[in-house]
Amino acid sequence: MANMVGQVLESHKITFHEDELPPEGLGHNKALHITMQCKDYFITMILIDGGSSLNICPLVTVKKLGKGLNEIKDRAINVKDFDGSQRSTIGEISLCLQMGPTWFDFDFQVIDVPSSYNLLLGRRWTHAIGVVASILHQAVKFEWNHQEVIIHGDGSNPIYSHQTIP
C-alpha cells in the first residue's frame, strides 16, 4: 500500500534537474520568455514574472493581434510600474492562448507603455494552471491530463527567437 501511494504522489511531482539547465549553466542572467499561440499568431517574448500579481498586455500587442479597442473591457485599475510609479490601465482584455496541448483563456490588463515584452504573465496565470516556472532552467512545467508539459524559454527555441507578432 505504501509503495502504491508513493507511485501516485511521484506522478504528481514537478521537478527540474541539472541536465535541464541552459548551455550557459548556473551563470546565466536571462529573464524567462516563452512563446505561445493566440489564434493565427505566435506571440514571442512573453515574460514570466512571478513578482507580478497581474497579467499585462501592452496596447501595441492588442493592435498587432488585430483586436479592436472595443474588445477592451472597461475595467481600468491603477498599477505600480517597475520603477514604482503608478499608472492607470486602459482596461482588460481576454486572450485565448495555446500552452502545450491545450488552450486557456486569460485576462490581461491593457497598458499603453513601451515594453520589452509582448505579454507579461504573472502569478494569476501560474496559480490558475498550476505552472511551476524555473528562470534558472529557462522553462515552465505543468501537469495536464496526468502528463507533464514542458514549455522551454525562447532562448531554447530558435525557430521563434527572431519572430514578432505577427
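What you see is a predicted model, and the numbers here were worked out from it, not measured in a lab.

Asker: Quick question: what am I supposed to make of the overall build of the protein here?
Answerer: Each helix and strand counted, the protein has three helices and eleven strands in total. Along the protein, helices (α) and strands (β) appear in the sequence α-β-β-β-α-β-β-β-β-β-α-β-β-β when read from the amino end. Within the span of the protein, comprising 166 residues, buried residues form 41% of the whole. Counting contacts in the protein only where the partners sit at least 6 residues apart, residues at least 24 apart contribute 60% of the total.

Asker: Explanation requested: the state of the cysteines in the structure shown.
Answerer: Think of a disulfide as a covalent bridge from one cysteine sulfur atom to another cysteine sulfur atom. Under the definition given, this model contains zero disulfides. With no disulfide partner, C38 has as its closest neighbouring cysteine sulfur the one in C96, 7.1 Å distant. The class for C38 is buried, based on a relative accessible area of 2%. We classify C96 as partly exposed; its relative accessible area is 31%.

Asker: Whenever I open this one, the pattern of salt bridges confuses me. Can you help?
Answerer: A side chain of one charge can pair with a side chain of the opposite charge if their charged atoms are brought near each other. In total, this model carries four salt bridges according to the counting rule given. Between E24 and K30 there is a salt bridge whose closest N-O contact spans 3.4 Å. E24 gets classed as partly exposed once you look at its relative accessible area, which sits at 45%.

Asker: Sorry if this is basic, but what is going on with the pairing of strand β11 (residues 147–152) here?
Answerer: It is a general feature of regular strands that their side chains alternate between the two faces of the sheet. Pairing of strand β10 (residues 139–144) with β11 involves six bridges; the strand directions are antiparallel. What sits directly across from K141, in β11, is I150. Counted along the chain from β10 to the antiparallel partner β11, the turn is two residues long, and its residue N145 has a positive phi close to 50°.

Asker: So what exactly am I meant to see when it comes to unusual backbone geometry here?
Answerer: If a residue is not glycine, its phi is most likely negative; likewise, a peptide bond is most likely trans. Residue K39 is not a glycine yet carries a positive backbone phi of 55°. Positioned with a positive phi, M45 is a non-glycine residue whose angle comes to about 55°. Note on placement: M45 falls in strand β2 (residues 41–48). The class for M45 is partly exposed, based on a relative accessible area of 31%.

Asker: Would you explain the packing of aromatic side chains in this entry?
Answerer: Describing an aromatic ring pair means giving the distance of the ring centres and the angle of the ring planes. If you walk through the whole model with that rule in mind, you get three aromatic pairs. Look at F104 and F106: their rings are 5.9 Å apart centre to centre, the planes differ by 35°, and that puts the pair in the tilted class. Taking the relative accessible area as the measure of exposure, F104 reaches 13% and is therefore buried. Arranged with centres 6.3 Å apart and planes meeting at 75°, the rings of F104 and F142 form a pair that is edge-to-face. Highlighted residues: F104 in strand β7 (residues 102–111) and F142 in strand β10, separated in sequence by 38 residues.

Asker: So what exactly am I meant to see when it comes to the sheet that holds strand β9 (residues 132–134) here?
Answerer: Backbone hydrogen bonds are what pair the strands of a sheet, in a parallel or an antiparallel way. One open sheet holds the three strands; their spatial order is β9-β10-β11, and the pairing between them is antiparallel. In the strand order of this sheet, the two ends are held by β9 and β11, each with one partner. Direction aside, neighbouring strands of the sheet carry axes that sit 20° apart on average.

Calculation notes
- Residues numbered from 1 in each chain as written.
- Predicted model: local features only at pLDDT ≥ 70, side-chain atom pairs only at ≥ 80, totals over all residues.
- Heavy atoms only, no water.
- Helix = DSSP H or I, 4+ residues; strand = E, 2+ residues; numbered from the N terminus.
- Buried < 20%, exposed > 50% of the residue type's maximum accessible area, 1.4 Å probe, protein only.
- Contact = heavy atoms within 4.5 Å.
- Disulfide = S-S within 2.5 Å.
- Salt bridge = Lys/Arg side-chain N within 4 Å of Asp/Glu carboxyl O.
- Pairing = 2+ DSSP bridges.
- Phe/Tyr/Trp six-rings, centres within 6.5 Å; stacked < 30°, edge-to-face > 60°.
- Axes fitted to C-alpha atoms, helices over the stretch in contact; angles between N-to-C directions.

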